[in-house]
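Here is what each chain is made of, one letter per residue.
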Amino acid sequence: MSLQKEVYIKIKSELDQENVVLVAVSKTKPNEDIEELYQLGQRAFGENYVQELVEKQASLPKDIQWHFIGHLQSNKVKYIAPFIHLIHGVDSLKLLTEINKQAQKNGRVISCLLQMHIATEETKFGMDFAELEEALAASIHLPFISIKGIMGMASFSDKKEQVRNEFKTMNHYFKNIQSKVGVPFTMLSMGMSGDYQMAIEEGSTMVRIGSLLFGARNYANN
Ligand SMILES: *Cc1c(COP(=O)(O)O)cnc(C)c1O
């Protein structure tokens, strides 16, 4: 499968009506697919491997807004710090501190989302509510980062009610923090190909959609 133009146009107009930002997740996909979507007006693209992102950024149009959606290691922040638009998965104070340092070196402020752990699976990264509040408090002393909101992934599950409850929980924490810190805490990144409509019903402001737009990923060929 390759780029699904009609699907893109349909989803994009759905999301525009709801004021939800679309991050097109282009991981493992070739530059040609990204360029095709770019021609249709898409500017926000998401990647989850630093090396792949750095290579794509170097060869694709410079007005693309690159979102890092994977698990970021502190020692790799320096490679994306010069250009990254938004880092979604910040899950430790250590990482936040390193992003601040690399942002300062590049003379810019880097926008971040704190990753919240909501899914029941052990393997998913993220902070609990106490850690989230701790990171927010500490970020007052990190002038080169701007925490814009939270990101999370629901369980990979057929149990729709469970997934919905996880989105609800995330929105609950998001609203709670927003009422305390105010501007610029406005972004709630949740929802993927399989669950984005439900995520929007539960308050998502930004969805990360890959396979619906680009077709299934084939890691074996990558
Ligand atoms: C791959 C990925 C997505 C997109 O997943 P699809 O199911 O292909 O839409 C979204 N968010 C994160 C964090 C991802 O790693």
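Here the structure is shown first, and the text comes after it.
Residues numbered from 1 in each chain as written. Predicted model: local features only at pLDDT ≥ 70, side-chain atom pairs only at ≥ 80, totals over all residues. Heavy atoms only, no water.

Novice: How do you make sense of helix α1 (residues 5-18) when you look at a structure like this?
Specialist: Each full turn of the α-helix corresponds to 3.6 residues, which orients residues three or four apart in the same direction. The first and last C-alpha atoms of α1 sit 20 Å apart over 14 residues, in line with the 20 Å expected at 1.5 Å per residue. Taken residue by residue, α1 has Y8, I11 and L15 as its buried positions. Angularly, the buried residues of α1 cover 75 degrees about the axis, an arc narrow enough to put them on a single face. In α1, the exposed residues that point more than 90 degrees away from the buried face are E6, I9, K10 and Q17. Contacts from the buried residues of α1 go to β1 (21-25), α2 (31-39), α8 (196-201), β8 (206-209) and α9 (211-214). Looking one or two residues beyond α1, the residue adopting positive phi is N19, at roughly 60 degrees. (Helix = DSSP H or I, 4+ residues; strand = E, 2+ residues; numbered from the N terminus. Expected span 1.5 Å × (residues − 1). Buried < 20%, exposed > 50% of the residue type's maximum accessible area, 1.4 Å probe, protein only. Arc of directions from axis to C-beta. Contact = heavy atoms within 4.5 Å.)

Novice: For this particular structure, what's the right way to read the pattern of salt bridges?
Specialist: Should the charged atoms of two oppositely charged side chains come close, the side chains can pair. Evaluated as defined, the whole model comprises 11 salt bridges. Across the pair E202 and R164 runs a salt bridge whose closest N-O atoms are separated by 2.6 Å. Here E202 is found in the loop between α8 and β8, whereas its partner R164 is found in helix α7 (residues 160-181), with 38 residues between them in sequence. Among the residues examined, E202 registers a relative accessible area of 11% and is labelled buried. A relative accessible area of 19% places R164 in the buried class. What emerges from the salt-bridge pattern is a single network uniting R164, K168, E201 and E202. (Salt bridge = Lys/Arg side-chain N within 4 Å of Asp/Glu carboxyl O.)

Nothing here speaks to function; it is geometry throughout.
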